[in-house]
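Below are the chains, spelled out letter by letter.
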Amino acid sequence: QVQVVESGGGLVQPGESLRLSCTISGIPLRFDGTGWYRQAPGDQRELVATFSRSDRINYGESVKGRFTISRDNAKNTVYLQMNNLQPEDTAVYYCKASSWTGENYWGQGTQVTVFS
């Protein structure tokens, strides 16, 4: 059974931090292509941060310098450290897990709300 489970969302004020976690099981996980996306109401889903080939990382322009993606290979877990959160970061954050079979799996999402 495939499981992609996000946690760590919440309600914070501008300037505060949150750390999201995503634990993946049931698939031959490929970190290349695995990472985080977000979707605000009325907007399309957008890239936040993903791993790519040769352990490179892709960040969305709006989060560069504030968000950091990391992983624990042994635990099949991916993290997103989010610092200096702003109201425009308010969205549902989704974890995407890439499989060596070529398929992608999505979690159900975790809500992040930044209010002033």
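Every value quoted in this text rests on a predicted model; they were computed, and no experiment measured them. (Residues numbered from 1 in each chain as written. Predicted model: local features only at pLDDT ≥ 70, side-chain atom pairs only at ≥ 80, totals over all residues. Heavy atoms only, no water.)

A.B. asks: Any chance you could explain the overall build of the protein chain here in plain terms?
C.D. replies: On a plain count of helices and strands, the protein chain comes out with zero helices and 11 strands. The helix and strand sequence of the protein chain, counted from the amino end, reads β-β-β-β-β-β-β-β-β-β-β. Here the C-alpha radius of gyration of the protein chain, 13 Å, is about what a compact globule of 116 residues would show, namely 13 Å. Seen along its three principal axes, the alpha-carbon backbone of the protein chain occupies a region of about 45 × 30 × 25 Å. The contacts in the protein chain between residues at least 6 apart in sequence include a share of 53% that link residues at least 24 apart. About 6,200 Å² of surface is accessible on the protein chain, with carbon and sulfur atoms providing 44% of the total. (Helix = DSSP H or I, 4+ residues; strand = E, 2+ residues; numbered from the N terminus. Rg over C-alpha atoms; globule rule 2.2 N^0.38 Å. Contact = heavy atoms within 4.5 Å. Areas by Shrake-Rupley, 256 points an atom, 1.4 Å probe, with all protein chains shown as cover.)

A.B. asks: When you look at the environment of Asp-32 in this model, what are you seeing that I'm missing?
C.D. replies: Mapped onto the elements, Asp-32 comes out in strand E4 (residues 29-39). Placed 77 residues apart in sequence, Asp-32 and Gly-109 show a C-alpha to C-alpha distance of 20 Å. Each residue touching Asp-32, except ones within four places of it in the same chain, is listed here: Phe-51, Ser-52, Arg-53 and Ser-98. Here Arg-30 takes part through its side chain, which lies 3.1 Å from a polar atom of the side chain of Asp-32. (Polar contact = N/O pair within 3.5 Å; in protein donor to acceptor, adjacent residues only side chain to side chain.)

A.B. asks: I would appreciate a short explanation of the environment of Leu-11 in the present structure.
C.D. replies: One can find Leu-11 in strand E2 (residues 10-12). Judged by its relative accessible area of 59%, Leu-11 falls in the exposed class. A sequence separation of 100 residues divides Leu-11 from Gln-111, and the C-alpha atoms of the two residues are 8.3 Å apart. Excluding anything up to four places from it in sequence, Leu-11 contacts Thr-113 and Phe-115. (Buried < 20%, exposed > 50% of the residue type's maximum accessible area, 1.4 Å probe, protein only.)

A.B. asks: Mind showing me how you'd approach the pairing of strand E7 (residues 67-72) here?
C.D. replies: Looking down a regular strand, the side chains alternate between one sheet face and the other. As judged from the six bridges shared by E7 and strand E8 (residues 77-82), these two strands associate in the antiparallel manner. Across the sheet, Arg-71 pairs through a bridge with Val-78, a residue of E8. The turn joining E7 and E8, which pair antiparallel and follow one another in sequence, is formed by four residues; a positive phi near 50° is taken by Asn-76. (Pairing = 2+ DSSP bridges.)

A.B. asks: Is there a simple way to explain the pattern of salt bridges in this structure?
C.D. replies: If the charged atoms of two oppositely charged side chains come close together, the side chains can form a pair. Going through the model one piece at a time under the given rule, you end up with seven salt bridges. For Arg-30, the salt bridge identified is with Asp-32, shortest N-O distance 3.1 Å. If you follow the salt bridges from partner to partner, you end up with Arg-38, Glu-46, Arg-66 and Asp-89 in one network. (Salt bridge = Lys/Arg side-chain N within 4 Å of Asp/Glu carboxyl O.)

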